[in-house]
Amino acid sequence: MNIMNVDYSTKIPNNVNLSEDRQVLKALEGWHPGYIDWWHDMGPDGFQQSLVYLRTAYSVDPRGWAKFDYVKMPDYRWGILLAPQEENRTIPFGERYGEPAWQEVPGEHRAMLRRLIVIQGDTEPASVEQQRHLGKTAPSLYDLRNLFQVNVEEGRHLWAMVYLLQKYFGRDGREEADELLRRRSGDADSPRMLGAFNEATPDWLSFFMFTYFTDRDGKMQLHSLAQSGFDPLSRTCRFMLTEEAHHMFVGETGITRVVQRTVDAMREAGIDDPTDIAKVRALGVIDLPTIQKKLNLHYSLSLDLFGSEVSTNAANAFNAGIKGRYRETQIEDDHRLQSDTYPVLKLVNGEIKRVDEPALTALNMRLRDDYTQDCVKGLLRWNKVISSAGYGYKLTLPNVAFHRAIGEFKDVHATPDGVLIDDATWNKRKGEWIPSTADGDFIASLMTPVTEAGEFAPWISPPKVGIDNKPGDFEYVKIET
Ligand SMILES: [Fe+2]
Ligand SMILES: [Fe+2]
């Protein structure tokens, strides 16, 4: 078969020749009903009978891989799609650098590999669970469609990880695949594995922040796993990245549109001071300081996803050839890092200082730095919107010591500028930096759904272009209740 094209003749669309891999096909078919049950229980609340204008992958050729059509979400064809195998691919880093990439799981790294796949897999359904109520308050059909596109693709990413578990990890893999459907975001007894994936996504500004900042952590993790010496993992992640780009687009343009609407409304009303919160809110738009607070929250929660700055697990995964660096193959060094160092931000005698650590144990810090650089691009765009409207206000990323639950700074409090403060000051002032209940209530008060084609809620601007180049009044979701 042509690896580029997806086989839709089996129940589970795929480009991995499942029709000749009976055992794995059977295992996946056995898992399928549980997945559909999960989708009905924990997927988007409502809209399951609505026709949604969704893209579905028909190929893994980056030049043309998706087609758009109206689909009811439960009928979406979740499939197994791997990027084409690169001929003679070698392990691009670690102690086995230069050796042929593995097509089967190397026995000595089985547990580590399984754990990484399970952690990645766990985030995918978690975000669907976190976002399940948002359909009810979508600011437009365009946004509603984007939410559902993200949701079905996160569902597919779960399939991607479950395929690896069932194909390569035997009985343990099947058990892990079942567990992925059992855990629930925010559940007291069986929560999802990572902190940020147990937080609420209560409103659409949170959704945009989540897709901008938290999906971007996903991008960084997928990039490092795409370097893996375990070739099936690498190929899976490479294709997931193609889809993931849209999720971050939704976040970036979503925040841009919120900021745009706010500054437009301020200008029309003749408001000069963007920090005059009461006046701005009276216009029915979200004031910039509150947007900054949401940004502080989601960025800091996402930084926690990178784990401890100094980590022997990260070093082991690199040495083993399992998880590489961001754009590993484009880095010019020996790809072994045995005697290199990397500067790590640490708490030294009550001060935040850069300290050189062995590069191998500092890999989480390095990936996090790459992430921060990637995050900055959006801020430049948003600040451009603000300055073009004639305002001096600037959105900024908070200091890495701010509001952390994992790593070097988890036991201290810091302001967004990185000034260390005591507990009492934090408790007194945190409402200035992360959204308070009152902020949440205000945003919630704006979240009234708009379901008329071409109409948008008054707190957000329309997008510049439609999805699949559709015109502004296109009916992206045909709502059926
Ligand atoms: Fe994903
Ligand atoms: Fe995503």
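Cut-offs and rules
Residues numbered from 1 in each chain as written. Chains lettered and ligands numbered in written order. Predicted model: local features only at pLDDT ≥ 70, side-chain atom pairs only at ≥ 80, totals over all residues. Heavy atoms only, no water. Helix = DSSP H or I, 4+ residues; strand = E, 2+ residues; numbered from the N terminus. Contact = heavy atoms within 4.5 Å. Axes fitted to C-alpha atoms, helices over the stretch in contact; angles between N-to-C directions. Parallel < 35°, antiparallel > 145°, perpendicular 65-115°, else oblique. Left-handed = near helix turned anticlockwise from the far one by under 90°. Nonpolar A, V, L, I, M, F, W, Y, C, P; charged D, E, K, R; others polar. Donors = N, O, S within 2.8 Å, 3.2 Å for Na, K, Ca; no water. Tetrahedral: all angles 85-135°; square planar, octahedral: opposite > 155°, others 65-115°. Pairing = 2+ DSSP bridges. Expected span 1.5 Å × (residues − 1). Bend = angle between axes of the 7 residues up to and from the residue. Polar contact = N/O pair within 3.5 Å; in protein donor to acceptor, adjacent residues only side chain to side chain.

Sorry if this is basic, but what is going on with the environment of Leu-301 here?
Summarising the element assignment, Leu-301 is placed in helix H8 (residues 288–304). For the pair formed by Leu-301 and Ala-196, sequence separation is 105 residues and the distance between their alpha carbons is 5.6 Å. Contact partners of Leu-301, with chain neighbours within four places excluded, come to Ala-196 and Glu-199.

Looking at this structure, how should I read the packing of helix H5 (residues 204–226) against helix H10 (residues 363–388)?
The description of two helices packed together rests on the angle between their axes and the distance between the axes. In contact at an axis separation of 10 Å, H5 and H10 are set at 140° when each is read in the N-to-C sense. Judged by the angle between their axes, H5 and H10 are oblique. Crossing of H5 against H10: the hand is right-handed. In this structure, H5 contributes Tyr-212, Phe-213, Arg-216, Asp-217, Lys-219, Met-220, Gln-221 and Ser-224 to the contact, and H10 contributes Leu-367, Asp-370, Tyr-371, Asp-374, Cys-375, Lys-377, Gly-378, Leu-379 and Trp-382. For the contact of H5 with H10, the per-class residue count stands at eight nonpolar, three polar and six charged.

Just to check I follow, could you spell out the coordination of the iron ion (ligand 2) for this structure?
In a perfect tetrahedron of four donors around a metal, the angles come out at 109.5 degrees. In a perfect octahedron of six, they are 90 or 180 degrees. For the iron ion (ligand 2), the full set of protein donor atoms is Glu-154 (OE), Asp-215 (OD), Glu-244 (OE) and His-247 (ND1), and the range of their distances to it is 1.8 to 2.2 Å. Its four donor atoms give the iron ion (ligand 2) angles of 89 to 164° at the centre, a pattern that matches the irregular case. Donor residues binding the iron ion (ligand 2) come from one chain and are separated in sequence as E-x60-D-x28-E-x2-H.

Help me out: how do you make sense of the sheet that holds strand E7 (residues 477–478) in this one?
Consider a sheet: its strands pair through backbone hydrogen bonds, and that pairing is either parallel or antiparallel. Here three strands make up an open sheet; going across it, the order is E2-E1-E7 and the pairing antiparallel. Lying at the two open borders of the sheet, with one neighbouring strand each, are strand E2 (66–72) and E7. Here seven bridges tie strand E1 (residues 51–57) to E2, and the two strands are oriented antiparallel to one another. Paired with Tyr-53 across the bridge in E2 is Tyr-70. Against the sheet, helix H3 (residues 141–168) engages E1, E2 and E7, with an angle of about 40° to E1.

Would you explain H5 in this entry?
One turn of the α-helix equals 3.6 residues, which is why residues spaced by three or four share an orientation. Spanning 23 residues, H5 covers 31 Å between terminal C-alpha atoms, matching the ideal 33 Å at 1.5 Å per step. Of all the bends in H5, the largest measures some 35° and sits at Phe-210. Of the residues that open H5, the one with a side-chain oxygen 3.0 Å from the backbone nitrogen of Leu-205 is Asp-203.

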